[in-house]
Amino acid sequence: MLLFTDLLEKAGLDPADVRLLRHQTKASTGRTPYGLWRDDRPAFEDYQSVQTAGNRASLAAPIWASFVAPPTGGSLFAGIYTAEHIGAAPPGWLDPLHQVAGVTLTADTLDQYRTALTSHLEPYIGRLWIEWGAGARKWVQRPDRQNKPIIELTRAFREDAFPGYTHFVTNVSQVQSLPATWVSALRAARGIYLLTSAKTKEQYVGSATGEGGFFGRWMNYAQDGHGGNLCLKSSEPGDYQVSILEVSGSAATVDEIWSIEQLWKRKLQSREMGLNRN
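Residues numbered from 1 in each chain as written. Predicted model: local features only at pLDDT ≥ 70, side-chain atom pairs only at ≥ 80, totals over all residues. Heavy atoms only, no water.

1. Focus on the overall build of the chain
Helix and strand counts for the chain stand at seven helices and twelve strands. When the 278 residues of the chain are sorted by exposure, 47% land in the buried category. Looking at the chain alone, contacts between residues at least 24 apart form 71% of all its contacts between residues at least 6 apart. For the chain, the exposed surface amounts to about 13800 Å²; the carbon and sulfur share of it is 51%. (Helix = DSSP H or I, 4+ residues; strand = E, 2+ residues; numbered from the N terminus. Buried < 20%, exposed > 50% of the residue type's maximum accessible area, 1.4 Å probe, protein only. Contact = heavy atoms within 4.5 Å. Areas by Shrake-Rupley, 256 points an atom, 1.4 Å probe, with all protein chains shown as cover.)

Shown next as structure tokens:
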């Protein structure tokens, strides 16, 4: 079995000088470190360079081996970085993940690190997957104590395949960071969808009839939380899970889709036990 620590040693790195970082946070904005790394590498590196002072001892190493967690899970290699603690983060630092001033995110002091991507293991970036292990919540680990198995090496970076309309489930907050291939599939389809709230135990049946398909409709919710629906405006704010109940044929008219929407409302009793009002 090929192990990540063995790979570090073959690259001339002392595992004792390395810390493994698995970035797995999901912000209330729906942004994730994986999305930043995939779409905006400088923003990802800016995010990584600022950490809470409470993690200073754990991060005290000259080399960071960074990993990101895609929406479907796993630990994807994002590169080897040099890391040097240089002091407190600037008071006006804007967190790329949360898009609000970093000082409001935690009561802890924020540290800033000078980081730089190295050429070590560069051909493996975006291609190598490791098994993080049972301690998934511990996002900083030591390779000299935790020798992680390498479970996959792909020919090139690839997104997770679209699971299909029937199996698709996500949260509204994650819609804007979906893989491009998923967005294309969701833009191409219209039909009936379901919103559910784990917070309030309520459900809402809706329809996507516009040119943007499901994706275009859901982006309205991602932007304002209610998509213009009065019943959602009056509900307690929260992130909704979204799934597809039925995909309409390409020849279906708007009226036909609305008619099917009414049928689903009756089936799920979303007027009596949900947020639908009409």
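The structure having been displayed, the exposition proceeds.
2. Structural notes on helix α4 (residues 180-187)
Within the sequence span of α4, burial applies to W182, V183, A185 and L186. Down the axis of α4, the smallest arc covering the buried residues is 165°, so these residues share one side. (Arc of directions from axis to C-beta.)

3. Regarding the pattern of salt bridges
Tallied over the full model, the rule gives five salt bridges. As a salt-bridge pair, D144 and R142 come within 2.9 Å of each other at their nearest N and O atoms. (Salt bridge = Lys/Arg side-chain N within 4 Å of Asp/Glu carboxyl O.)

4. Considering the environment of E131
Examined against the element boundaries, E131 turns out to sit in the loop between β6 (128-130) and β7 (140-141). E131 sits 128 residues away from L3 along the chain, and the two C-alpha atoms are 9.6 Å apart.

5. Some points on the environment of P15
Inspection of the secondary structure assignment puts P15 in the loop between α1 (4-10) and β1 (18-23). Exposure remark for P15: the relative accessible area of 6% places this residue in the buried category. Residues P15 and T5, spaced ten residues apart in sequence, show a C-alpha to C-alpha distance of 6.5 Å. Excluding its chain neighbours within four sequence positions, the residues that come into contact with P15 are T5, E9, P143 and D144.

6. As for unusual backbone geometry
Even without glycine at this site, L121 takes up a positive phi of about 60°. Topologically, L121 is positioned in the loop between β5 (110-117) and β6.

7. Re the nonpolar core
In globular proteins that are soluble, nonpolar side chains generally tend to be buried together. Of all hydrophobic cores here, the largest spans 37 residues; its most connected members are F4, W37, F67, F77, I80 and L128. Those elements that place two or more of their residues in this core are α1, β1, α2 (33-39), α3 (41-49), β3 (63-68), β4 (75-88) and β6. With six residues, the single largest contributor to this core is β4. Of all hydrophobic cores here, the second largest spans 21 residues; its members include F214, M219, I244 and L275. (Core = buried A, V, L, I, M, F, W, Y, C linked by side-chain atoms within 4.5 Å.)

8. Brief notes about the side chain of Q203
Mapped onto the secondary structure, Q203 falls in strand β11 (residues 203-208). In this structure Q203 touches L194, L195, T196, L268, Q269, S270, M273, G274, L275 and N276, once residues within four positions along its chain are discounted.

9. Section: the sheet that holds strand β10 (residues 191-196)
Strand order across the open sheet formed by four strands is β9-β12-β10-β11, with antiparallel pairing between neighbours. In this open sheet, the two strands that pair with only one neighbour each are β9 (169-171) and β11. Pairwise comparison of adjacent strand axes, ignoring direction, gives a mean angle of 30° for this sheet. Here β10 runs beside strand β12 (residues 241-247); their pairing, made up of six bridges, is antiparallel. (Pairing = 2+ DSSP bridges. Axes fitted to C-alpha atoms, helices over the stretch in contact; angles between N-to-C directions.)

10. Structural notes on the confidence of the model for the chain
Of the residues in the chain, 89% reach a pLDDT of 70 or more, and the chain-wide mean stands at 88. Predicted confidence in the chain is weakest over helix α6 (residues 230-234), with a mean pLDDT of 53, and strongest over β3, with 98. A low-confidence stretch, residues 233-237 (pLDDT under 50), is modelled with nine contacts involving residues beyond four sequence positions or located in other chains. (pLDDT = per-residue confidence, 0-100.)

11. A short note on the packing of aromatic side chains
The description of an aromatic ring pair rests on the distance of the ring centres and on the angle between the ring planes. The tally for this structure, following the rule as stated, stands at 15 aromatic pairs. Centre to centre, the rings of F67 and F77 are 5.5 Å apart; their planes meet at 55°, and the pair counts as tilted. Of this pair, F67 sits in strand β3 while F77 sits in strand β4; the two residues are ten residues apart in sequence, bridging distant segments of the chain. Across the pair, F77 and F67 agree in class, each one buried. For K148, the ring lying beneath its charged end belongs to W132, and the centroid distance is 4.8 Å. Across from the ring centre of W264, 4.7 Å away, lies the NZ or CZ of K267, which sits over that ring. (Phe/Tyr/Trp six-rings, centres within 6.5 Å; stacked < 30°, edge-to-face > 60°. Lys NZ or Arg CZ within 6 Å of the ring centre and 35° of its normal.)

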